[in-house]
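# Examining the three-dimensional arrangement
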Amino acid sequence: MTSQMMKDLTHQYIMGTYGRFPVAIDHGQGATLYDPEGNAYIDFTSGIGVTALGYGHQPWVDAITDQAKKLVHTSNLFYTEPPAKLAELLCKRTGESCVFFANGGGEANEGMIKLARKYSFDKYGQGRSTIVTLKNSFHGRTITTLKATGQDVFHNFFFPFTEGFRYAEAGNLEDLKAQDQGDVCAVMVELVQGEGGVLPLEKDYVKALEALCAEKDWLLLVDEVQTGVGRTGTLFAFQQYDLLPDVVSFAKGIAGGLPMSGIMANEKCKAVLGPGTHATTFGANPVCAAAGLVVQDVLSDAFLAEVQEKGDYLRKGIEALNLPCLGKTRGLGLMIGVAVNDGWTNKDIANKLIENGLLILTAGPGLRLLPPLVITKEEMDQGLAIMKQVLA
Ligand SMILES: *Cc1c(COP(=O)(O)O)cnc(C)c1O
């Protein structure tokens, strides 16, 4: 099928919920993608932070193939090996105590919100159900996680939304304290706001937030759907903040491209969601978990240190280009934001780069880079060369 045929069919038969860039993708290798006509694109997106191991990663392909031949799905009424092993690895590598597996980021955050409300209900009874989130955050597209998202533009059309959310300014502990009306059960944050523009929280603020939550018996919920699984140069970003969240959600990169998500809870929260309180049919799928095990295998400490180095290399490389349309870079590891200067828009810049063979994302008013974690120096240099040639 040609690119044009894919576009025509998509426009005719797939619901028009996405504003797409005018590129069709057929296959990939490493961090390079190809359209049906054979044109190459350097991938600085990894499908929005998903394909951590890039494309055609042989051990990952083999693990999926082998597991698909052996057992594709049972249900959570029976025991299987891959999710049990993956949960063990995640707990041992983070200090968390248990995992619930789901399928997408929004769904994982729903589980995290349910856990927080039940923790408080079990201990204090009804009426302590408010969750404070941060302005400019993004937590998902379900009716509840839209409301959890601290941006007014998301609180439209789909009324009535779930009650029980208030919003505090990111980095401002006084504003967060001001949201306390005696009904709060938890605070939920992204340590680096992703969709909001790649905005890392200050470490001092996060440590003070942790102390405040401990004092008030509010659960500290960390949404690592985008920052988790090596993206920031540690397995989870909370490890760089010297933190052990009560509950943490993950999704995007966890299985390197197959749909999988989940939450991890610490010892205090381990027993909150007992039998019958939470479930999902596809959760803990053995094929997805087998893929997740390969991702964990690749993400050694040495590999994670390389992710930090690659992030530094790309940021320095972009700043050294001194492009008139781009300002400073920010971020952690291979989660990078680039400011767009006045007079230019991120959408126009992204479109130009994509047309010329470099796939890139926007976030907030800036550009966002989330390359596959396995991206090579040669691929990064090719991407930088396209930036230079197109934007100089
Ligand atoms: C992408 C994202 C979500 C939503 O994940 P889906 O898999 O699209 O439901 C939630 N939180 C954060 C921080 C995200 O980046």
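Residues numbered from 1 in each chain as written. Predicted model: local features only at pLDDT ≥ 70, side-chain atom pairs only at ≥ 80, totals over all residues. Heavy atoms only, no water.

## Observations regarding the overall build of the protein
Here is the rule we go by: Only DSSP runs of H or I covering at least 4 residues are called helices, and only runs of E covering at least 2 are called strands; the numbering of each starts at the N terminus. Radius of gyration means the value over C-alpha atoms here, while the globule rule gives 2.2 Å times the residue count to the 0.38 power. For each residue, the accessible area found with a 1.4 Å probe, counting protein chains only, is set against the maximum for its type, and the residue is called buried under 20%, exposed over 50%, and partly exposed in between. The contact criterion used is simple: two residues touch if any of their non-hydrogen atoms lie within 4.5 Å.
From N to C terminus, the protein includes twelve helices and 17 strands. Computed over its C-alpha atoms, the radius of gyration of the protein comes to 21 Å, within 12% of the 21 Å expected for a compact globule of 392 residues. Viewed in the frame of its principal axes, the protein has a C-alpha envelope of about 60 × 55 × 45 Å. For the protein, buried positions account for 53% of its 392 residues. Long-range contacts, defined here as pairs at least 24 residues apart, represent 71% of the contacts in the protein between residues at least 6 apart.

## Concerning the packing of helix α10 (residues 301-321) against helix α12 (residues 377-391)
A pair of packed helices is characterised by two quantities: the angle between their axes and the separation of those axes. Where we set the bar: Fitted lines through C-alpha atoms serve as axes, helices being fitted only where they are in contact, and the angles separating the N-to-C directions of these axes extend from 0 to 180 degrees. The labels follow the angle: roughly parallel below 35 degrees, roughly antiparallel above 145, roughly perpendicular from 65 to 115, and oblique for the rest. Note: crossing handedness is left-handed where the near helix turns anticlockwise from the far helix by less than a right angle, and right-handed where it turns clockwise. The nonpolar class holds Ala, Val, Leu, Ile, Met, Phe, Trp, Tyr, Cys and Pro. Asp, Glu, Lys and Arg form the charged class, and all remaining residues, Gly among them, are polar.
One can describe the packing of α10 onto α12 by two numbers: an axis separation of 10 Å at closest approach and a directional angle of 20°. It follows from the interaxial angle that α10 and α12 lie roughly parallel. Every pair of crossing elements has a handedness; the one defined by α10 and α12 is right-handed. Residues Lys310, Tyr313, Leu314, Gly317, Ile318 and Leu321 of α10 touch α12, and the partners they reach there are Lys377, Met380, Asp381, Leu384, Met387 and Lys388. Looking at the contact of α10 with α12, its residues break down into seven nonpolar, one polar and four charged.

## Things to note about the pattern of salt bridges
Let me state the cut-off plainly: A carboxyl oxygen of Asp or Glu within 4 Å of a side-chain nitrogen of Lys or Arg is what we treat as a salt bridge.
Taken as a whole and judged by the stated rule, the model has 13 salt bridges. Of the charged contacts in the structure, one is a salt bridge between Asp183 and Arg166, with a shortest N-O distance of 2.6 Å. Placement of the pair is Asp183 in the loop between α7 (173-177) and β7 (184-189) and Arg166 in strand β6 (residues 165-168), with a sequence separation of 17 residues. Both residues of the pair, Asp183 and Arg166, belong to the buried class. Linking Asp180 and Lys216 is a salt bridge whose minimum nitrogen-to-oxygen distance equals 3.1 Å. In this pair, Asp180 sits in the loop between α7 and β7 while Lys216 sits in helix α8 (residues 203-216), placing the two residues 36 residues apart along the sequence. Through salt bridges with shared partners, one network takes in Lys123, Asp217, Asp246 and Lys268.

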